[in-house]
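A structural walkthrough
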2 protein chains.
Amino acid sequence: MSTMTNSYDINEFKNPLFTVDSVLFTVKDDALKILMVKRANEPFIGSWGLPGGFVDVDSDTTTDVTALRKLEEKTSVAPQYLEQLQAFSGIDRDPRGFSVTLVYFALIAAQEVSSHIETIDDVQWIDIDKINSLSIAFDHKVIIEQAKERLQQKALYSMVPVYCLPEYFTVGQLKSVIETIIGKTIQRKSLIRRIESADMFETIDEKVKSGGRLAQQYKVKPGVDIVNFERNLST
Amino acid sequence: MSTMTNSYDINEFKNPLFTVDSVLFTVKDDALKILMVKRANEPFIGSWGLPGGFVDVDSDTTTDVTALRKLEEKTSVAPQYLEQLQAFSGIDRDPRGFSVTLVYFALIAAQEVSSHIETIDDVQWIDIDKINSLSIAFDHKVIIEQAKERLQQKALYSMVPVYCLPEYFTVGQLKSVIETIIGKTIQRKSLIRRIESADMFETIDEKVKSGGRLAQQYKVKPGVDIVNFERNLST
DNA sequence: TTATAAATGTGTCACAGCGACACTATGATA
DNA sequence: TATCATAGTGTCGCTGTGACACATTTATAA
């Protein structure tokens, strides 16, 4: 066989630097927060950055696994919701050269991880409104802004915000989480109509105190997908 | 300085194989078609694949540029609409090892490129319903399916389908394109209401024949963004 | 010249789902 | 037992889509 073949030599091209990062949201103390990590390495040592890193090509079967692995290193649990946000690329965004970061968008209940995170000093829940006043690595400010917009959009036409709540939750809790995410109030009645029509939730027999009348508890039916509604809530 | 620093050595990790591919849609002869390329190289030589390739880290400023460059090599023009779809990754999807492909989603008017493509024998518009009966490279069948679903969703709540039409178009043409994309009929009246409320289009003085009464022509106002409606058309 | 077909464009009613808001229900507390 | 706080319901109005009849304008053929 000739040495001139059509087969591709893996080292022929310079490959871009490829990383996976996640924007992990939660709602805690009536504020939208994201998980940030204080960087221990160059570049941007000492700044806050999104949790993430390189793919381990010997053990990660997909980039989803990379994202989950990196998040679990920081939170010790898996997020309740994970989806791809977008890739961000550029010749200037990393001083080491052309780089691509595939960014995931994740949700978790604050209760699931709070005690664990409080024991680590380089991992914190940071209020999304305080991001602009901090030193943030790479283009992560822009990434966070886009992730926030996506979350806000999704909150208007789907039930994703339930993944910021524990297994059992009430209408009041869900209403509060949605309002925190989108930054405006919604009608309790509209939310109840959606809960009933979505057919995503089951009621729990035991009710729970809430400062007034006992509240009905709900949980997500096992195995159901997120329902998308045909209309947005009021913009 | 010690040689033991925290700075990252770019060659320390095996980087995944990274490519950029595009699903370029058009509507032609009342059918939804995508641009496919007959592969001239291994792997999957001889099969049909999506147009794409490696980033040129010396000249591409972002992956968007890579996608546009690769599409222009095949069509000789830039698509009218381009957005990221999603990254697809895995240890098995490419025989050369762990690979990631960042997939873009693009739209163009058939008229813009048809004459150019007809002169090339390894680049073709392929009817999306015929994809399953062809030999398709990598996981591109799955990618195409997801791109199609995204396009169908977008057609229900936005005006993206206009980017499958030439600069000047009529309501009848837009209705036909939307119906081809979503695979069902819509109400002309609903479409006109949307055209009027979107404030994205301007009317053209000159009307055009269409087999009956002369039809009003529209064009996209320069510089406007796609409008998203708060409701979907009927599912 | 006139009738017909074909497509464009309009008028309008019904329906669904969200917003608004008054009203009822139930548990804690004084 | 009265009051407060939160949970939950009833219902009217509004908006945008679906449906469909009707009017308009052009080409074509009798």
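Residues numbered from 1 in each chain as written. Chains lettered and ligands numbered in written order. Predicted model: local features only at pLDDT ≥ 70, side-chain atom pairs only at ≥ 80, totals over all residues. Heavy atoms only, no water.

Below, the discussion takes up the protein's contact with DNA strand C. With respect to spatial proximity, 23 residues lie near DNA strand C, and among them A:Ser190, A:Arg231, A:Ser234, B:Arg188 and B:Gln216 are the closest. Sugar and phosphate atoms form 55% of the subset of DNA strand C atoms that lie within 4 Å of the protein. Between DNA strand C and B:Lys189 there is a distance of 3.1 Å, counted from a base nitrogen to a side-chain nitrogen or oxygen. Contributions of two or more residues to the surface near DNA strand C are made by α5 (188–198) of chain A together with α4 (171–182), α5 (188–198) and β10 (215–220) of chain B. Of the residues belonging to the surface near DNA strand C, the class tally is six nonpolar, eight polar and nine charged. (Near = heavy atom within 4 Å. Polar contact = N/O pair within 3.5 Å; in protein donor to acceptor, adjacent residues only side chain to side chain. Helix = DSSP H or I, 4+ residues; strand = E, 2+ residues; numbered from the N terminus. Nonpolar A, V, L, I, M, F, W, Y, C, P; charged D, E, K, R; others polar.)

Further remarks concern the environment of B:Lys207. With respect to the helices and strands, the residue B:Lys207 is situated in strand β9 (residues 201–208). If we skip the residues at most four places from it in the chain, B:Lys207 touches B:Leu214, B:Ala215 and B:Gln216. (Contact = heavy atoms within 4.5 Å.)

Further remarks concern the relation of the copies chain B and chain A. Expressed as a screw transformation, the operator carrying chain B onto chain A has a rotation angle of 180 degrees and an axial translation of 0.0 Å, and the superposed copies differ by an RMSD of 0.1 Å. Interpreted geometrically, this transformation is the action of a two-fold axis. Residue B:Arg231 of chain B places its C-alpha closer to the rotation axis than any other residue of that unit, at 2.2 Å. The share of interface residues of chain B whose copies in chain A are also at the interface is 100%, consistent with both copies meeting through the same surface. (Least-squares fit on C-alpha atoms with pLDDT ≥ 70 in both.)

This model, assessed by the stated rule, comprises two cavities of 30 Å³ or more. Estimated volume of the largest cavity: approximately 40 Å³. Lining the largest cavity, in full, are A:Ala155, A:Ser158, A:Met159, A:Ile178, A:Ile186, A:Leu191, A:Arg194, A:Phe229 and A:Leu233. Tallied by class, the residues present in the lining of the largest cavity amount to seven nonpolar, one polar and one charged. Lining the second largest cavity, in full, are B:Ala155, B:Ser158, B:Met159, B:Ile178, B:Leu191, B:Arg194, B:Phe229 and B:Leu233. Among the residues forming the lining of the second largest cavity, the class breakdown is six nonpolar, one polar and one charged. (1 Å grid on protein atoms, 1.4 Å probe; cavity = no way out; pocket = protein on both sides within 12 Å on 5 of 7 lines; lining within 4 Å. Points joined across faces, edges and corners; volume = space filled by probe spheres on them.)

Here we come to the protein's contact with DNA strand D. Around DNA strand D lies a shell of 23 residues, among which A:Arg188, A:Gln216, B:Ser190, B:Arg231 and B:Ser234 are the nearest. Each atom of DNA strand D within 4 Å of the protein was classed as base or backbone; sugar and phosphate made up 52%. Here a phosphate oxygen of DNA strand D and a side-chain polar atom of A:Arg188 are 2.5 Å apart. The separation between a phosphate oxygen of DNA strand D and a polar main-chain atom of A:Gln216 is 2.7 Å. The class makeup of the residues in the surface near DNA strand D is six nonpolar, eight polar and nine charged.

Looking now at the sheet that holds strand β9 (residues 201–208) of chain A. Residue and element names in this part refer to chain A. An order of β8-β10-β9 is seen for the three strands of this open sheet, with the pairing classed as antiparallel. A single partner strand is all that each edge strand has here, and the edge strands are β8 (169–170) and β9. The sheet contact formed by β8 and strand β10 (residues 215–220) spans two bridges and is antiparallel. Considered in β10, the bridge of Thr 170 is made with Gln 217. (Pairing = 2+ DSSP bridges.)

Between chain B and chain A, the residue contacts involve 36 residues of the former and 36 residues of the latter. Taken together, the two surfaces of chain B and chain A that pack against each other cover about 3500 Å², and 58% of this comes from carbon and sulfur. Between the two partners, chain B and chain A, sit zero salt bridges. For the pair chain B and chain A, the number of links is ten residue pairs in polar contact (both at pLDDT 80 or more). At the level of elements, β1 (17–28), β5 (81–90) and β6 (99–107) of chain B are the ones that each hand at least two residues to the side of chain B that touches chain A. When residues of the side of chain B that touches chain A are assigned to their parent elements, the largest contribution, five residues, is made by β5(B). For the side of chain B that touches chain A, the residue count by class is 16 nonpolar, 13 polar and seven charged. (Buried area = accessible area lost by both parts, 1.4 Å probe. Salt bridge = Lys/Arg side-chain N within 4 Å of Asp/Glu carboxyl O.)

Once that is clear, we can look at the sheet that holds β10(B). Spatial ordering of the open sheet is given by β8-β10-β9 (chain B), a layout of three strands whose pairing is antiparallel. Looking at the sheet topology across the chains shown, the edges are occupied by β8 (169–170) and β9 of chain B.

This part takes up the packing of helix α4 (residues 171–182) of chain A against α5(A). All names here are of chain A. Where α4 meets α5, the closest approach of the two axes is 10 Å, and the angle between their N-to-C directions is 110 degrees. By the criterion of interaxial angle, the relationship of α4 to α5 is roughly perpendicular. Between α4 and α5 lies a crossing of right-handed hand. For the pair α4 and α5, the contacting residues are Val 171, Gly 172, Leu 174, Lys 175 and Ile 178 in the first and Arg 188, Leu 191, Ile 192 and Ile 195 in the second. Taken together, the residues of the contact of α4 with α5 break down into six nonpolar, one polar and two charged. (Axes fitted to C-alpha atoms, helices over the stretch in contact; angles between N-to-C directions. Parallel < 35°, antiparallel > 145°, perpendicular 65-115°, else oblique. Left-handed = near helix turned anticlockwise from the far one by under 90°.)

Looking at chain A, pLDDT values average 92 and 94% of them are 70 or higher. Low pLDDT, under 50, characterises residues 1–11 of chain A; the predicted model gives this stretch twelve contacts beyond four residues in sequence or across chains. (pLDDT = per-residue confidence, 0-100.)

It is worth spelling out the side chain of A:Asp94 at this point. Relative to the elements of secondary structure, A:Asp94 occurs in the loop between β5 (81–90) and β6 (99–107). Discounting chain neighbours no more than four positions away, the residues touching A:Asp94 are A:Leu17, A:Pro43, A:Ser99 and A:Phe138.

A full pass over the atoms with the stated rule returns 24 salt bridges over all chains. Among the salt bridges present, the one from B:Arg150 reaches B:Glu83, with a minimum N-O distance of 3.2 Å. Here the residue B:Arg150 occupies a position in helix α3 (residues 140–157), and B:Glu83 occupies one in strand β5, the gap between them amounting to 67 residues. Residue classification places B:Arg150 among the partly exposed positions, given a relative accessible area of 28%. The class of B:Glu83 is buried, set by a relative accessible area of 14%. B:Lys175 is the salt-bridge partner of B:Glu179, the closest N and O atoms lying 3.0 Å from each other. Taken as a pair, B:Glu179 and B:Lys175 lie in helix α4 at a separation of four residues, close to a single helical turn. A relative accessible area of 17% means that B:Glu179 is categorised as buried. The exposure class of B:Lys175 is buried, given its relative accessible area of 19%. Members of the salt-bridge network, linked through shared partners, are A:Asp60, A:Arg69, A:Lys70 and A:Glu73. (Buried < 20%, exposed > 50% of the residue type's maximum accessible area, 1.4 Å probe, protein only.)

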